Amino acid sequence: MSRLAVPKTYKLAIGGKFPRSESGRTYAVASPSGRFLANAALASRKDARDAVVAARAAQPGWAGATAYNRGQVLYRIAELLEGRRAQFVDEIVQSEGVTAAVAGAQTDAAIDLWVWYAGWADKYAQVAGNGNPVSGPYFNLSVPDPTGVVAAIAPQERTGVSLLGFAAVVAPVVLSGNTTVVVANEAAPLSAISLAEVLATSDVPGGVVNTLTGSPAELAPWLASHADVNALDLAGAGSIGDGTAWIDLQISAAETLKRVLPPVSGAPAPSLERITAFVETKTVWHTKAML
Amino acid sequence: MTIDHPVALAPADRAVRLLGGDLTEKALRLHLDGLAGVDAVGLEARAADLATRSIKTSSKAWALDTIIRTCDLTTLEGADTPGKVRSLVAKAVMPDPSDPSCPRVAAVCVYGDMVPYAVEALGAHHGDPEKGLVSVAAVATAFPSGRASLAIKLADTREAVAAGADEIDMVIDRGAFLSGRYGLVFDQIVAVKEACRRADGSYAHLKVILETGELQTYDNVRRASWLAILAGADFIKTSTGKVSPAATLPVTLLMLEVIRDWHRLTGETIGMKPAGGIRASKDAVRYLVTVAETVGEQWLTPHLWRFGASSLVNDVLLQRQKMTTGHYSGPDYVTVD
Amino acid sequence: MSFLEYAPAPESTAILNLRETYGLFIDGEFVDGRGEPFATISPATEKRIAEVATANAADVDRAVAAARRAYDRTWSTMSGADRGKYLFRIARLIQERSRELAVAESLDNGKPIKETRDVDIPLVAAWFFYYAGWADKLEYAGLGANPRALGVAAQVIPWNFPLLMLAWKIAPALAAGNTVVLKPAETTPLTALLFAEICQQADLPAGVVNIITGAGETGRALVSHDDVDKVAFTGSTPVGREIARAAAGTGKKLTLELGGKGANIVFEDAAMDQAVEGIVSGIFFNQGHVCCAGSRLLVQENVHDEVVDRLKTRLSTLRLGDPLDKNTDIGAINSREQLDRIRALSDIGEQEGGDRWTAACEIPSSGYWFAPTIFTNVSTSHRIARDEIFGPVLSVLTFRTPEEAVAKANNTPYGLSAGIWTEKASRMLALADRLRVGVVWANTFNKFDPASPFGGYKESGYGREGGRHGLAAYLEASGWQPPAASAGASTRSVRGRSAQKTRKAVSK
């Protein structure tokens with residue numbers, strides 16, 4: 001006789017907690033074939049606002065941790081993902097309708113991506129910064145500094161990205177000390193929420209990664225216009241509306257001069273440029289003299 | 001620093017007023033260590049900025065005369081003789097024989113044993129430079145090294161004053177200063193000041209040479225300037241001229257800032273004398289600009305400002321002749337000392 | 001006359017050989033503009049200097065087309081070494097003509113000759129020298145083995161450092177292999193036009209550098225032109241915002257250097273005389289027309305009175321007047337419009353309860369002038385503590401602890417520059433870490449160098465100018481697919497800049 005399974009409730013992840021949407025709304029998540037999988041929280045603009053507040057509150061502390069520490073925390077995520085590999089494969093199989101082998105490949109790619117980015121945490125500054133030989137008695141050093149709070153729209157394709165796409169936007173943003181508010185894949189949000197649970201148990205401070213499930217079309221404009229968001233990763237925003245609605249987001253972001261990365265197709269490949277897109281170069285001068 | 005055994009210092013008037021009645025080395029040290037630091041790059045940048053002032057026409061004519069009027073025409077050589085000193089005095093009294101409108105220098109500056117010859121050569125011209133006369137300044141206190149016992153330094157000073165020196169240019173004990181014995185340096189200045197006292201109760205003016213080239217850091221120069229002023233210096237002076245670097249514009253600016261701060265604090269005016277290495281009138285004008293923009297141009301008078309120089313006067317004379325005649329002059333038209 | 005007044009020491013204008021009228025510099029030649037010409041005047045005397053052409057939309061088209069042709073046929077096919085040699089030539093020509101350029105700049109802008117002679121023009125030459133050397137070393141810029149030029153750069157620059165801003169824009173663009181169309185500010189076009197002559201003297205291939213003049217409309221046409229791949233703008237935050245909106249969805253790479261409200265933080269243990277100098281150069285350098293100016297003085301409360309007192313004494317030695325006099329420290333305000341803004345904001349400062357102090361100085365009878373002004377008793381909510389005044393007006397605020405200093409310094413939508421004055425290095429470094437600004441000057445202020453990246457956080461803009469980072473702003477990394485070009489939606493074409501057109505088609 002088969003055992004009756006205990007289904008999981010998928011909620012939002014804001015400030016290290018897992019609340020339901022303040023609006024009380026949910027939406028049904030289904031497999032590509034239409035089979036009901038779960039009710040996910042349908043985040044509202046107020047959830048987005050709360051997430052930004054949580055991200056802002058967590059940012060100085062996260063940026064203030066040593067780079068070595070951030071690298072270790074990111075690596076720890078990979079370790080925990082590896083341990084829960086079966087769960088992620090299962091969720092991907094269910095929600096994307098792919099084979100276990102395909103889902104396994106995506107999970108492995110996501111794990112390896114965390115490892116790759118984890119290693120950058122205490123190195124990217126050496127590549128992106130430098131000492132500057134100015135003509136005068138001055139110490140002069142340029143170092144990258146996290147931009148602040150980065151809002152991201154995870155890739156929204158129906159297959160291949162539900163976990164990997166989420167990881168590929170989050171990891172490069174947070175490794176430098178940014179905090180983030182991410183809108184997960186709308187159709188397949190389950191693995192993103194499970195990943196948020198991994199983050200909560202892997203030494204990532206609450207508020208560093210805030211995960212919203214729901215409609216990018218509804219949430220993105222609020223994030224793009226939010227004055228306390230410093231940058232936007234529109235990776236998955238190409239799927240909103242007619243495919244050019246992201247341009248309005250970029251226009252909206254211009255109001256406070258947010259840094260914007262436009263949409264990509266699929267999960268963005270790991271790259272140094274995704275890290276440096278969300279850092280500021282800070283140059284410090286100091287006088288030098290023996291006397 | 002010992003807390004239990006505070007060393008009492010000579011009760012110099014200014015120090016007592018600033019630091020309190022029972023004056024100790026500890027109180028002095030706390031004050032000197034508590035002074036704001038100096039950022040060398042910023043100080044030098046400010047000096048360089050002051051050096052870009054462009055002084056033309058009437059301002060330049062006034063500046064050239066002021067350089068002569070505030071110059072301590074100096075000879076400090078082992079080879080000095082009465083004849084050399086008489087020649088120097090003649091130049092001091094009449095710097096440019098071809099132009100009687102040329103002002104006299106402020107003083108002649110010689111070793112102590114040369115003072116009688118300078119006094120004699122000056123004759124009726126000897127007196128207060130503010131009244132158009134020429135003073136006699138003597139270096140003392142085992143100049144330039146200062147490496148002698150206090151007794152010898154004081155005897156050196158008394159002898160020069162007795163011989164008629166109006167001004168004493170003393171050196172501080174840089175070794176003591178650099179090793180942190182501020183009290184020793186302080187007490188010596190106070191003692192030398194007392195040795196400047198004449199029989200009638202008046203004092204020869206005391207210029208205290210810091211020898212900034214040996215103090216090296218600007219923080220030291222600032223502390224030493226304060227120390228000298230607190231001990232009773234009438235003037236603070238950069239250098240002996242025997243150590244390189246001697247006077248520089250940044251060091252002079254820094255010492256003028258201390259003088260300005262003392263004036264803000266007490267209303268008292270302290271004199272300043274850069275010495276050594278100032279040879280061109282162009283450079284000297286930059287010093288005048290620095291004085292005017294730091295403590296005010298009322299300082300540009302022989303009682304408060306001196307150049308210690310030997311060859312500077314001739315360069316100023318060449319410039320002066322150019323301004324008078326409209327054409328460039330040459331070294332044959334000014335006198336060798 | 002007292003010595004301190006100094007006799008007049010005017011720099012001769014005989015060195016200038018200006019034309020009566022200037023056209024647009026397009027495709028290597030001066031051509032007539034099709035817009036209404038305008039006069040450029042000296043803000044110190046309000047006298048006309050020359051008549052300058054206005055480029056209309058058709059002229060902008062022509063300039064961009066010339067730049068595109070030069071990019072396709074000449075500049076992108078030339079070796080990096082040869083591009084570098086052209087830039088070296090330009091650098092040398094600037095040095096050779098430096099006095100002339102300094103005089104022209106002071107005349108047109110109103111800034112003191114001391115500054116154009118000792119700061120602006122030497123930096124202009126240094127900028128070209130620095131980037132000249134990069135031209136054949138792009139593979140070492142940290143962007144992969146084969147970084148690519150972007151194409152045609154549209155560059156719009158402000159009036160506060162006319163020729164220097166031109167150098168900041170043109171030198172890295174050309175070194176990276178781009179061609180440019182640059183528009184100088186309406187009130188200060190003169191040195192850009194002299195620079196066009198220098199391009200001719202350097203025998204720079206036609207169309208590599210195009211200089212078009214005109215007002216905001218010309219600039220708008222330029223930055224929103226479809227055939228432009230890169231937009232670089234230095235100026236106000238409102239205009240930067242407008243440009244960012246216009247560039248949205250086009251894939252144009254953007255560099256924006258916008259406004260600022262820099263905090264100059266003075267601790268009790270600061271080297272006080274140097275701090276006072278730093279405060280002075282922080283806000284009164286270039287009449288305060290500096291985006292990174294230290295316009296907010298944050299001074300530790302226990303030394304507030306002393307600092308303000310010393311500052312006032314120091315300001316009393318500043319000399320305001322004829323920009324061409326070598327002893328002038330404070331020149332003319334660049335325009336009537338800017339003067340009105342400074343006056344209006346200062347009046348608001350007084351109404352809001354700030355205590356206004358103005359240095360006593362004689363104001364010339366003609367021209368635009370504003371004496372150095374300090375507001376004390378200012379709080380963070382006052383407009384003069386928040387709005388960029390862009391003039392010689394300092395707002396003094398206090399703090400009690402380092403934590404409070406950081407909080408107040410960061411409490412602004414801007415994030416361009418900050419100064420820290422302390423003799424305690426560990427505190428300086430910790431503070432520098434926490435300040436949300438692109439440039440931190442510790443125990444110094446307003447220092448610039450071609451090797452040193454410059455640019456802002458937050459609403460002060462994005463991108464860096466200067467150094468390797470400034471070069472990267474004109475390059476695309478090899479192997480890096482810019483997101484817009486690889487975006488998923490099939491309705492969009494590969495070339496990012498046509499996305500907007502596609503969008504228009506979609507919405508019909």
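Owing to the predicted nature of the structure, the values given are computational and were not obtained by experimental measurement.

1. Some remarks on the overall build of chain C
Helix and strand content of chain C: 15 helices and 20 strands. Each principal axis of the C-alpha distribution contributes one length, and for chain C these read about 65 × 55 × 45 Å. Considering chain C as a whole, with its 508 residues, one finds that 61% of them fall into the buried category. Considering only contacts in chain C between residues 6 or more positions apart, those separated by 24 or more positions represent 72%.

2. What to know about the pairing of strand E16 (residues 393-399) of chain C
Residues and elements named next belong to chain C. Counting buried positions along E16 gives 7 out of 7 residues, so the element sits mostly inside the fold. What you see with E16 is no split at all: Val393, Ser395, Leu397 and Phe399 on one side and Leu394, Val396 and Thr398 on the other are buried throughout. Across 5 bridges, the pairing between strand E13 (residues 296-300) and E16 is parallel. Residue pairing for E16: Leu297 is matched across the bridge by Val396.

3. A closer look at the confidence of the model for chain C
All names here are of chain C. Taken as a whole, chain C shows an average pLDDT of 93; of its residues, 94% reach a score of 70 or greater. Confidence over residues 485-508 falls short of pLDDT 50; this stretch has 48 contacts with residues more than four positions distant or in other chains. Here the complex is predicted with pTM 0.94, and the ipTM for its interfaces comes to 0.94.

4. Notes on the packing of helix H2 (residues 25-33) of chain B against helix H9 (residues 182-195) of chain B
All names here are of chain B. Where H2 meets H9, the closest approach of the two axes is 9 Å, and the angle between their N-to-C directions is 105°. By the angle between their directions, the pair H2 and H9 is classed as roughly perpendicular. Contacts between H2 and H9 involve Glu25, Leu28, Arg29 and Leu32 from the former and Tyr182, Gly183 and Phe186 from the latter. Grouping the constituent residues of the contact of H2 with H9 by class yields 4 nonpolar, 1 polar and 2 charged.

5. Here we look at the interface of chain A and chain C
Facing the 38 residues of chain A at the interface are 47 residues of chain C. No other element matches strand E10 (residues 279-287) of chain A, which puts 8 residues into the side of chain A that touches chain C. Its residues assigned to classes, the side of chain A that touches chain C comprises 14 nonpolar, 18 polar and 6 charged.

6. Thoughts on the interface of chain B and chain C
Taken residue by residue, the interface counts 23 residues in chain B and 22 residues in chain C. Of the residues forming the side of chain B that touches chain C, the biggest block, 5 residues, is contributed by helix H4 (residues 57-69) of chain B. Split by residue class, the side of chain B that touches chain C holds 9 nonpolar, 7 polar and 7 charged.

7. Observations regarding the pairing of strand E11 (residues 253-257) of chain C
Residue and element names in this part refer to chain C. When you tally the buried positions in E11, you get 5 out of 5 residues, the bulk of the element. Neither face of E11 is exposed, since Lys253, Thr255 and Glu257 on one face and Leu254 and Leu256 on the opposite face are all buried. Sheet topology note: the strand E10 (residues 230-234)/E11 ladder contains 5 bridges and is parallel. The residue of E11 that forms the bridge with Ala232 is Thr255. You can see the chain leave E10, run along helix H8 (residues 237-247) and come back into E11, and the turn it takes is right-handed. Strand direction decides the pairing type here: E11 and strand E19 (residues 461-462), joined by 2 bridges, are antiparallel. Its bridge partner being in E19, Leu256 is matched across the sheet by Tyr462.

Reading the values: the criteria
Residue positions are given per chain, counting from 1 as you read along its sequence in written order. Labels follow written order: the first chain is A, the first ligand is 1, and so on. Only residues with pLDDT of at least 70 get local features here, since the model is predicted, and only at 80 or more are side-chain atom pairs given and counted; chain-wide, interface and lining totals rely on the full set of residues. Think of it this way: any DSSP run of H or I at least four residues long counts as a helix, any run of E at least two long counts as a strand, and we number them from the N terminus. To assign burial, the other C-beta atoms lying within 10 Å of each residue's own C-beta are counted, with C-beta atoms placed from the backbone; 20 or more indicates buried, 12 or fewer indicates exposed, and intermediate counts indicate partly exposed. Any two residues are considered in contact once their C-beta atoms, placed from the backbone, lie within 7 Å. A pair of strands is labelled paired if DSSP reports no fewer than 2 bridges between them. Note: pLDDT gives the predictor's confidence per residue, expressed from 0 to 100. Note on definitions: angles span 0 to 180 degrees between N-to-C directions of axes, and those axes are lines fitted to C-alpha atoms, for helices only across the stretch in contact. With respect to orientation, any angle under 35 degrees is reported as roughly parallel, any angle over 145 as roughly antiparallel, any angle of 65 to 115 as roughly perpendicular, and every other angle as oblique. Here the nonpolar group is Ala, Val, Leu, Ile, Met, Phe, Trp, Tyr, Cys and Pro; Asp, Glu, Lys and Arg are the charged ones; every other residue, Gly included, is treated as polar. Handedness rule for crossovers: strands pointing away from the viewer, path from the first strand over the helix to the second running clockwise, crossover right-handed.

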